[in-house]
Amino acid sequence: MRMQWKAALVLMLGAPGLALAQAPTKPSKPAAAPEAPAKAAPAQAPLELKTDEQKAIYSVGISLGQSVTALALTLEEVQLLQRGLQDSLSGTAPAVDPKEYGPKIQALAKERMAKVNVATLDRASKEPGATRLPSGVIYRELKAGTGKSPRAIDTVKVHYQGTLVDGTEFDSSYKRGMAVEFPLNGVIPCWTQGVQKMKVGGKAKLTCPGSTAYGERPPTGSRIPPNAVLTFEVELVDIPGNTAVTP
């Protein structure tokens, strides 16, 4: 089971005493009669963000999480990350040489991301009603429209939500409370191809291979990793006009 990094990093910063489980030691004498099982400690409520310093430290955790999203770590690997963070903060000698393994992080991230991308596209292609376009874009109609379909040269007006492979939302016109307009031939190929299959009033899910999204160069300052598969739910609100027509 994969964990979203926001939750994982908050866990690390909020529970510095957490340690990896150790193997039980052999008792030096026969064990006494078993005691009544201990009650589980109550779950700690998330720390409140009251001061600017607390908010700044929390933002460090968010930044760290966003920077390692491509690793797609398991729960066990999150524990290894916790151990490394704790050793660094406590001044404990590292178990491995960071200089030796540092250069391997990027290669690991690329390998992990490639596997997750393949799995995400495969899963999307098996959803009911999904169609794989020649470019690899996976189109799935969520709600049928009743209006006309746009051409690549048209301006479209849409509402949309974009998510990463782990379900993290990276953009949403719904949250901004305003639909957006743009020439359909001026956006990523996934949108140009997928939205042309829609009709006004319809809604669709577009699963975009990295080559049809942002490839090696995601938008500066975004949380999108290089070559990431992206998923968009798009609602075609209107087709305001033909961008090929000059007033």
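The structure displayed is predicted, hence computed values, not measured ones. (Residues numbered from 1 in each chain as written. Predicted model: local features only at pLDDT ≥ 70, side-chain atom pairs only at ≥ 80, totals over all residues. Heavy atoms only, no water.)

**Student:** Help me out: how do you make sense of the confidence of the model for the protein in this one?
**Tutor:** Per-residue confidence for the protein gives a mean pLDDT of 81, with 78% of residues at or over 70. Scored below 50 in pLDDT, residues 1–41 shows 41 contacts in the model against residues more than four places distant or in partner chains. (pLDDT = per-residue confidence, 0-100. Contact = heavy atoms within 4.5 Å.)

**Student:** What am I meant to see in the nonpolar core here?
**Tutor:** Note on soluble globular proteins: their nonpolar side chains tend to be buried together. Core analysis: the largest hydrophobic core is formed by 26 residues, its most contacted members being Val158, Trp191, Val195, Leu206, Phe232 and Val234. Going through the elements one at a time, strand S3 (154–163), helix H7 (189–195), strand S6 (203–208) and strand S7 (230–242) are the ones with two or more residues in this core. Per element, the largest residue contribution to this core is five residues, and it comes from S7. Beyond its immediate stretch of four places on either side in the chain, Leu206 contacts Ile138, Tyr139, Cys190, Trp191, Gly194, Val195, Leu230, Thr231, Phe232 and Val234. (Core = buried A, V, L, I, M, F, W, Y, C linked by side-chain atoms within 4.5 Å. Buried < 20%, exposed > 50% of the residue type's maximum accessible area, 1.4 Å probe, protein only. Helix = DSSP H or I, 4+ residues; strand = E, 2+ residues; numbered from the N terminus.)

**Student:** Teacher, can you tell me more about the pairing of strand S4 (residues 169–172) here?
**Tutor:** A regular strand places its side chains so that they alternate between the two faces of the sheet. Note that S3 and S4 share three bridges and pair antiparallel. Directly across from Thr163, in S4, lies its bridge partner Glu169. Adjacent in sequence and paired antiparallel, S3 and S4 are bridged by five residues, among which Gly167 carries a positive phi angle near 90°. (Pairing = 2+ DSSP bridges.)

**Student:** Even after reading the chapter, I still don't get unusual backbone geometry, so can you show me in this structure?
**Tutor:** Glycine aside, a negative phi is what most residues show, and trans is what most peptide bonds show. Of note, Asn227 is a non-glycine position whose phi angle comes to about 60°, a positive value. Its location among the elements puts Asn227 in the loop between S6 and S7. Its relative accessible area of 32% is what places Asn227 among the partly exposed residues.

**Student:** Before we go on, may I ask you to explain helix H3 (residues 75–90) in this structure?
**Tutor:** Note on helix geometry: an α-helix contains 3.6 residues per turn, so any two residues three or four positions apart are oriented the same way. Compared with an ideal rise of 1.5 Å per residue, which puts 16 residues at 22 Å, H3 spans 22 Å between its outermost C-alpha atoms and is within 8% of the ideal. Among the residues of H3, Glu77, Val78, Gln82 and Asp87 are the ones counted as buried. Gly91 sits one or two residues past H3 and shows a positive phi near 80°. (Expected span 1.5 Å × (residues − 1).)

**Student:** Whenever I open this one, the pairing of strand S2 (residues 138–143) confuses me. Can you help?
**Tutor:** Across two bridges, the pairing between strand S1 (residues 131–132) and S2 is antiparallel. Paired with Arg132 across the bridge in S2 is Ile138. Here S1 hands over to S2 after five residues, with Gly136 in that stretch at a positive phi of 105°. Summarising the sheet, S2 and S6 pair through five bridges and their orientation is antiparallel. For Arg140, the partnering residue across the bridge sits in S6 and is Lys205.

**Student:** Is there a simple way to think about the environment of Asp122 in this case?
**Tutor:** Assignment of secondary structure puts Asp122 in helix H5 (residues 104–125). C-alpha of Asp122 to C-alpha of Ile138: the two residues are 16 residues apart in sequence and 9.5 Å apart in space.

**Student:** In this structure, what is going on with the side chain of Thr192? I would like to understand it.
**Tutor:** Within the secondary structure layout, Thr192 lies in helix H7. With a relative accessible area of 15%, Thr192 lands in the buried category. Polar contacts involving the side chain of Thr192 include one to the main-chain carbonyl oxygen of Leu184, which spans 2.7 Å. For Thr192, the residues in contact, after removing those within four places along its chain, are Ala152, Leu184, Asn185 and Val187. (Polar contact = N/O pair within 3.5 Å; in protein donor to acceptor, adjacent residues only side chain to side chain.)

**Student:** What's the story with the pattern of salt bridges in this structure? I'm lost.
**Tutor:** If the charged atoms of two oppositely charged side chains come close together, the side chains can form a pair. This structure, assessed with the given rule, holds ten salt bridges. A salt bridge links Lys115 to Glu111; its shortest N-O distance comes to 3.4 Å. Of the two residues, Lys115 and Glu111 both sit in helix H5, four residues apart, roughly one turn of that helix. Judged by relative accessible area, which is 54%, Lys115 ranks as exposed. The exposure class of Glu111 is partly exposed, given its relative accessible area of 44%. Between Arg140 and Glu127 there is a salt bridge, with its nearest N and O atoms 3.2 Å apart. Highlighted residues: Arg140 in strand S2 and Glu127 in the loop between H5 and S1, separated in sequence by 13 residues. According to the relative accessible area criterion, Arg140 is partly exposed, its value standing at 22%. (Salt bridge = Lys/Arg side-chain N within 4 Å of Asp/Glu carboxyl O.)

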